[in-house]
Amino acid sequence: MNRKLSIIGVPMDLGQNRRGVDMGPSAIRYAGVIERLEQLKYDIEDLGDLVISKPSEETEETSEKENLRNLKEVREGNVALAQKVDDIVQEGRFPLVLGGDHSIAMGTLAGISKHYGNLGVIWYDAHTDLNSGETSPSGNIHGMPLAASIGIGNESLTDIHGYQPKLKPENIVVIGARSVDEGERELIREKGIKVFSMHEVDRLGMSQVMQDALDYLETRKVDGVHLSLDLDSLDPEEAPGVGTPVMGGFSYRESHLAMEMLHDSERITSAEFVEVNPILDEKNKTASMAVGLMGSMLGEKLT
C-alpha cells in the first residue's frame with residue numbers, strides 16, 4: 001500500500017437536509033486520526049478542509065424545480081474536491097477524504113478515476129446511492145453520487161471535472177445495502193450492479209462476502225480500487241452519530257474484519273469515510289469508530 005497519504009476534509013452537509021455532518025472532518029481529527037495513522041509509519045500530509053459555500057436563493061429555486069437540493073453549492077464543492085484529489089494522485093500519494101455527506105464521493109471519484117483505465121469501487125453503505133433527480137423521493141444529492149459517477153442524472157453532477165462516466169457499473173460492488181428505493185432497484189437490475197445486501201452478509205458471513213467482492217473485482221481486471229465507506233453501514237446501536245441511520249447494520253468487529261481483509265488484499269488505492277454527524281453522536285463514539293476502521297484498512301491489527 002502507498003505509504004504516502006494525503007488527508008483532505010470536506011465539511012459538506014448540503015447534500016441532505018439534516019445538519020451536522022459538516023462537522024464530521026473536525027470530529028474525526030479530534031478522534032486522533034493523524035496520530036493513529038502516524039503510528040502506522042505513514043507519511044501524513046494534512047491538507048485541511050475545503051471551504052463550502054452557503055446556499056443561496058437561486059439554489060432554493062433550483063432545488064424545487066430539479067428535485068436537487070443545493071445543487072449549485074454541492075457541485076461547486078465537488079468540483080473543488082475533484083481538483084484536490086487529482087493533485088494528490090498526480091503527486092503519487094494515497095487520497096484519504098473525510099466527510100461530510102456522501103455527495104462528496106462525486107468529487108473524490110472525479111479526481112481519481114482519470115488516473116485509472118478501469119477503476120473499481122467498493123461502496124460500503126446501507127444505501128446504494130443510485131438515485132437521480134427523477135427517482136429520488138427527497139431530492140437529497142447524498143443519495144445520488146454513485147448514479148452520477150456512472151453518468152446518470154443532472155449533467156452538472158455527471159460532468160464534474162470535465163468528463164463522464166467515472167465508473168463502469170460492472171466495476172462497482174455495494175456491500176451492506178438495506179435501504180434501497182424502487183428507482184435504485186430498477187437501475188441495479190438494468191446495469192447489473194453487484195450488490196451484497198445484509199441478507200447475503202447474514203447468510204454467508206462477512207469473510208465470505210469480502211472475499212467474493214474482491215474476487216469479483218479481480219475478474220473485472222480493475223487497475224485500482226476505491227473504498228467509499230459510509231458510517232451508516234454500521235448498526236446505529238454501535239454508530240449512532242451518522243447522517244441517515246438504518247437499523248440492522250454491521251457490527252464494529254465485522255467492519256474491522258472487512259477493513260483488515262481490504263488491507264491484506266493490497267488492492268485499495270484511495271478511500272473516503274463519510275456521514276459522521278457529531279450532533280447525533282455519543283462522546284464522539286462514531287468518529288472514533290471511523291478512525292479505528294481507517295487504521296484497520298491501513299494495516300493496524302486488533303490482535
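Residues numbered from 1 in each chain as written. Predicted model: local features only at pLDDT ≥ 70, side-chain atom pairs only at ≥ 80, totals over all residues. Heavy atoms only, no water.

As annotated in an unreviewed UniProt entry, the protein carries the name Arginase and comes from Salimicrobium humidisoli. Under the UniProt heading Catalytic activity (unreviewed entry), the note attached to the protein is "L-arginine + H2O = urea + L-ornithine". Checking UniProt for the protein, the heading Pathway (unreviewed entry) contains the comment "Nitrogen metabolism; urea cycle; L-ornithine and urea from L-arginine: step 1/1." (UniProt positions renumbered as here; feature names shortened; annotations may be inferred.)

Chemist: Describe the packing of helix H11 (residues 252–265) against helix H12 (residues 285–297), and please don't skip the residues or the numbers.
Modeler: Running from N to C, H11 and H12 point in directions that differ by 30 degrees, and their axes come no closer than 7 Å. Overall, the two elements H11 and H12 adopt an arrangement that is roughly parallel. On H12, the residues touching Tyr-252, Ser-255, His-256, Met-259, Glu-260 and His-263 of H11 are Ser-288, Met-289, Gly-292, Leu-293, Ser-296 and Met-297. Split by residue class, the contact of H11 with H12 holds 5 nonpolar, 6 polar and 1 charged. (Axes fitted to C-alpha atoms, helices over the stretch in contact; angles between N-to-C directions. Helix = DSSP H or I, 4+ residues; strand = E, 2+ residues; numbered from the N terminus. Parallel < 35°, antiparallel > 145°, perpendicular 65-115°, else oblique. Contact = heavy atoms within 4.5 Å. Nonpolar A, V, L, I, M, F, W, Y, C, P; charged D, E, K, R; others polar.)

Chemist: Quick one: what's the story with the pairing of strand E1 (residues 4–10), residue by residue and with numbers?
Modeler: Across the 7 residues of E1, 6 count as buried, placing the element largely inside the fold. With 6 bridges connecting them, E1 and strand E3 (residues 94–99) associate as parallel partners. Note that in E3 the partner of Leu-5 across the bridge is Phe-94. (Buried < 20%, exposed > 50% of the residue type's maximum accessible area, 1.4 Å probe, protein only. Pairing = 2+ DSSP bridges.)

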